[in-house]
Amino acid sequence: MEKDDGALWMTMRTRKGVMYQTTSLDGGYTWSISEKYTMPNANTRFYIGKMSDGTWYMVYNNSSTVRTKMTMAISSDEGKTWENKLCLYGSYCSYPDAAIIDGNIHVVFDDGRYKQYQWRTDEDGKIKTWGHIYHYSISETELKNMSYTVLDVEELDIVARCKEYTSAYLEGTGTQEDPYLITDKQAWKIVASMLENEGENFEGKYLKVTNDFTIAGNIKLGTSKTYFAGNFDGDGHTITYNMSFSSGEANQGLFGQTAGTSVIKNLKVAGTMNTERTTDANIGCIVGVNRGVVQNCESSVVVTAKGYKIGGIVGTSVGGSILDCTFNGSITSTSTATGNTDHGIGGIVGYINPDKVSVVDNCINEGSITTGSTQVGGIVGLSKGANAVRHQISECINKGNIISTASVNSTTNEGVAGIIGMAIYTNVTNCENSGNITAKSSSQVAGIVGKCCEYSTITNCVNKGTIIGLNQVGGISGRHVGNVSAIDCENQGDVYYVYTNKININKGSLSFIND
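Heads up: these notes are all about the structure in this document. (Residues numbered from 1 in each chain as written. Predicted model: local features only at pLDDT ≥ 70, side-chain atom pairs only at ≥ 80, totals over all residues. Heavy atoms only, no water.)

Focus: the environment of I369
- Of note, I369 is situated in strand β37 (residues 368–371).
- Separated by 39 residues in sequence, I369 and S330 place their C-alpha atoms 6.0 Å apart.
- Those residues in contact with I369, other than ones at most four positions away along the chain, are I331, I345, G346, G347, V376, G377, G378, N401, I402 and I403. (Helix = DSSP H or I, 4+ residues; strand = E, 2+ residues; numbered from the N terminus. Contact = heavy atoms within 4.5 Å.)

Shown next as structure tokens:
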């Protein structure tokens, strides 16, 4: 604010419970050391303006601790003292703005910034209502002459509900021809808020990324309770994140969960992901739990974990399709899960659920995997189908090296391999492994499928990598169980098994055990 003597006066929001002030006597070239000002502030925006006769007015939260009591005050001595005139709204509210038009002061503020809804109590008890953007106008003369008054909320005009307000920040209308544009991290945050707080799952809507950007914190689309159901086009851009999840959090990724109607395509992700969860994490660098289509996506994320059901693209697939995707990051998990529980860690998909048919086609893993567990594959960790649910893994290539330090010498559900750690009711077609697979203390180790079970098929697959395992080691399959087949397959890599602490060659083996 400019004072009558030409001095410039600045006030600031703080976390100290009051506003701070500073003054410039040379047109803003230098400023005095900031100091406490008398007006309360709960680290929130306020507005100061000047009436036509020179009287100053302020719209602010009259509280030092919480954003409540939106109040209008006036000053006749250029901010030395203030007289509160009108409390516009008593509950949670924030971010006022104001303008004078034809002698009337128009004020706007919101009561649900990013929260979008709040709990209120009325005659029917506690109910959930959407937040609003409120408007109120009062003449300059009326404000100056009135005694302190608390306004009835019914006297405020509702400009918009925050549900409408948030989507208004996005460019586009959400149609295929005019998609919502994700321009930066702020637009991403708004989309996440709409999904989490407003029940907008974007089914039938279209979104498109227009720039590379970095997300701060664990801001994702979809949680354990909400699914993203729309069409998301990354348009070749990269979203970078550094996410970290506690032991109680599962279903994590840039997209936490997706619905069967979802399509995520042409997206690249980079950065880091860390999870403290020691069991079924359901973590994927693109999608935690996928039910829709993920196509032409790429991840270079570095994953550090303690659990399983982790994938470089998708953590868990439930009837989803993962097409034309590439992982070139790394996965390190300290999990020691072995045996007959469903676990799974994979370069593309960690675990494929038996409820619906999943498809993984034309995907490439170039990333390394290091873990203490089994059911580990360069493409899929565990592909678990059923009699009427035959998963399809085709045209996939693993170039990444896999190391499992699990200590298992048994016939239980294990498996470490270049394509699929363990396959049940799964068809594996036209796949190739050139990565080195090392599991010196584990059984069921192979270039293509570690353990091949229950009517699974391996057709026209090639192994070129070096395979090292404890026993049940093969270039194509480590162990066959049930009515399974390996047709037109070729092993070109060296296959070794460890016996009495010595590495022995088993070169050219297609399947070490078949029962």
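Regarding the nonpolar core
- Ranked by internal contacts, the top residues of the largest apolar core, which has 80 residues, are W188, F232, L254, F255, L267, V360 and I393.
- A per-element tally of this core places helix α3 (residues 185–197) first, with 7 residues.
- Not counting chain neighbours up to four residues away, the residues in contact with W188 comprise I182, F213, I215, I219, K220, L221, F232, I239, L254 and F255.
- Membership of the second largest hydrophobic core comes to 21 residues, among which are L88, I138, L143 and L156. (Core = buried A, V, L, I, M, F, W, Y, C linked by side-chain atoms within 4.5 Å. Buried < 20%, exposed > 50% of the residue type's maximum accessible area, 1.4 Å probe, protein only.)

Some points on the side chain of N290
- Along the chain, the position of N290 falls in strand β24 (residues 287–290).
- Here N290 falls in the buried class, since its relative accessible area comes to 0%.
- A polar contact is formed between the side chain of N290 and the side chain of T258, at a distance of 3.0 Å.
- A polar side-chain atom of N290 sits 3.1 Å from the main-chain carbonyl oxygen of G292. (Polar contact = N/O pair within 3.5 Å; in protein donor to acceptor, adjacent residues only side chain to side chain.)

Some thoughts on the sheet that holds strand β3 (residues 35–40)
- Taken in spatial order, the 3 strands line up as β1-β2-β3 in an open sheet, and their pairing is antiparallel. Taken across any chain shown, the strands that pair with only one partner, and hence form the sheet edges, are β1 (8–12) and β3. Taking the axes of each pair of neighbouring strands and ignoring which way they run, one obtains an average angle of 35 degrees across the sheet.
- Direction of pairing for β1 relative to strand β2 (residues 18–24): antiparallel, over a ladder of 5 bridges. Pairing of T11 across the sheet is with Q21, part of β2. (Pairing = 2+ DSSP bridges. Axes fitted to C-alpha atoms, helices over the stretch in contact; angles between N-to-C directions.)

Quick notes on the side chain of S456
- The topology assignment puts S456 in the loop between β48 (449–453) and β49 (457–459).
- Of the residues examined, S456 reaches a relative accessible area of 0% and is grouped as buried.
- From its side chain, S456 meets the backbone nitrogen of T426 in a polar contact 3.0 Å long.
- A polar contact is formed between the side chain of S456 and the backbone oxygen of C453, at a distance of 2.7 Å.
- Each residue touching S456, except ones within four places of it in the same chain, is listed here: A423, I424, Y425, T426, N483, V484 and S485.

Here we look at the state of the cysteines
- A complete count under the given rule lists 0 disulfides for this structure.
- Cysteine C325 shares no disulfide, and the gap to the nearest cysteine sulfur, in C363, comes to 4.8 Å.
- Of the residues examined, C325 reaches a relative accessible area of 0% and is grouped as buried. (Disulfide = S-S within 2.5 Å.)

A closer look at the sheet that holds strand β18 (residues 231–233)
- The 11 strands lie next to each other as β15-β16-β18-β21-β25-β30-β35-β40-β45-β49-β53, forming an open sheet whose pairing is parallel. Strands with a single pairing partner mark the edges of an open sheet, and in this sheet they are β15 (180–182) and β53 (485–487). Going from strand to strand, the sheet's axes swing by 10 degrees on average, the running direction of each strand aside.
- Bridging between β18 and strand β21 (residues 263–265) involves 3 bridges; their strand directions are parallel. Directly across from F232, in β21, lies its bridge partner I264.
- Contacting β15, β16 (206–209) and β18, α3 crosses the sheet at an angle of about 125 degrees to β15.

Topic: the pairing of strand β51 (residues 467–474)
- Most of β51 is tucked away: 7 of the 8 residues are buried.
- In this structure, strand β47 (residues 437–446) lies alongside β51, joined through 6 bridges in parallel fashion. From the neighbouring strand, A446 faces β51, where its bridge partner is G474.

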